[in-house]
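Residue-level structure breakdown
Listed below, chain by chain, are the residues.
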Amino acid sequence: VQLQASGGGLVQAGGSLRLSCPARRIILSVWGTCIMSWFRQAPEKERELVAALRPDGNSNYRDSVQGRFTISKDNAKRTVYLQMNSLKPEDAGVYYCNVKCPSRDYWGQGTQVTVSS
């Protein structure tokens with residue numbers, strides 16, 4: 001099962017983007033046990049965790065995006081989302097979704113986010 005994030009693009013500072021990551025081949029019974037996360041990687045920097053959503057519904061965010069980004073999921077669609085508002089140039093990078101299930105860890109190809117100042 002390969003994940004493919006989408007929804008990235010070029011946006012002006014202050015703008016918004018919504019990233020999507022479908023994982024429809026993960027069966028529903030497994031889906032509910034997985035931790036959903038978004039990571040990003042800027043040029044010449046390490047990949048960093050942006051947001052995570054646990055099976056119990058609790059989420060956590062890195063400090064720099066708190067209050068601006070929201071991670072969510074649609075169980076019926078088996079899709080993870082990242083709503084990004086009030087984007088800043090430092091939010092730019094390649095965004096990757098990750099679905100970490102008890103028996104397997106799924107990563108996918110990223111989507112590029114560029115924020116112009």
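This section reports on the structure supplied with the text. Because the structure is predicted, anything quoted here is derived from the model rather than measured.

Cut-offs used in this document
Residues numbered from 1 in each chain as written. Predicted model: local features only at pLDDT ≥ 70, side-chain atom pairs only at ≥ 80, totals over all residues. Heavy atoms only, no water. Helix = DSSP H or I, 4+ residues; strand = E, 2+ residues; numbered from the N terminus. Buried < 20%, exposed > 50% of the residue type's maximum accessible area, 1.4 Å probe, protein only. Contact = heavy atoms within 4.5 Å. Pairing = 2+ DSSP bridges. Axes fitted to C-alpha atoms, helices over the stretch in contact; angles between N-to-C directions.

Looking at the secondary structure, you find G15 in the loop between β2 (9-12) and β3 (17-22). With relative accessibility at 19%, the residue G15 sits in the buried group. Along the sequence, G15 and S116 sit 101 residues apart, while their C-alpha atoms lie 9.6 Å from each other. Contact partners of G15, with chain neighbours within four places excluded, come to M84, N85, S86 and L87.

A few words now on the sheet that holds strand β7 (residues 69-74). The three strands lie next to each other as β3-β8-β7, forming an open sheet whose pairing is antiparallel. Two strands lie at the open edges of the sheet, namely β3 and β7, each paired on one side alone. The mean angle between the axes of side-by-side strands here comes to 15°, regardless of whether they run parallel or antiparallel. Pairing of β7 with strand β8 (residues 79-84), which is carried by six bridges, proceeds in the antiparallel orientation. By the bridge assignment for β8, K73 is matched with V80.

Time to look at unusual backbone geometry. A positive phi angle, close to 50°, is found at R78, a residue other than glycine. Relative to the helices and strands, R78 resides in the loop between β7 and β8. Residue R78 is classed as buried on the basis of its relative accessible area of 18%. With phi around 50°, S86 is a residue other than glycine that occupies positive phi space. Looking at the secondary structure, you find S86 in the loop between β8 and β9 (93-100).

Turning our attention to the pairing of β9. Where burial is concerned, most of β9 is hidden: six out of the eight residues are buried. Where strand β4 (residues 35-41) lies against β9, seven bridges are found, and the strand directions are antiparallel. Looking at the pairing, M36 lines up with V99 of β9. In this structure, β9 lies alongside strand β10 (residues 105-109), joined through three bridges in antiparallel fashion. When the sheet's bridge partners are listed, V99 is paired in β10 with Y106. Taking the residues that link successive antiparallel strands as the turn, the β9-β10 hairpin has four residues.

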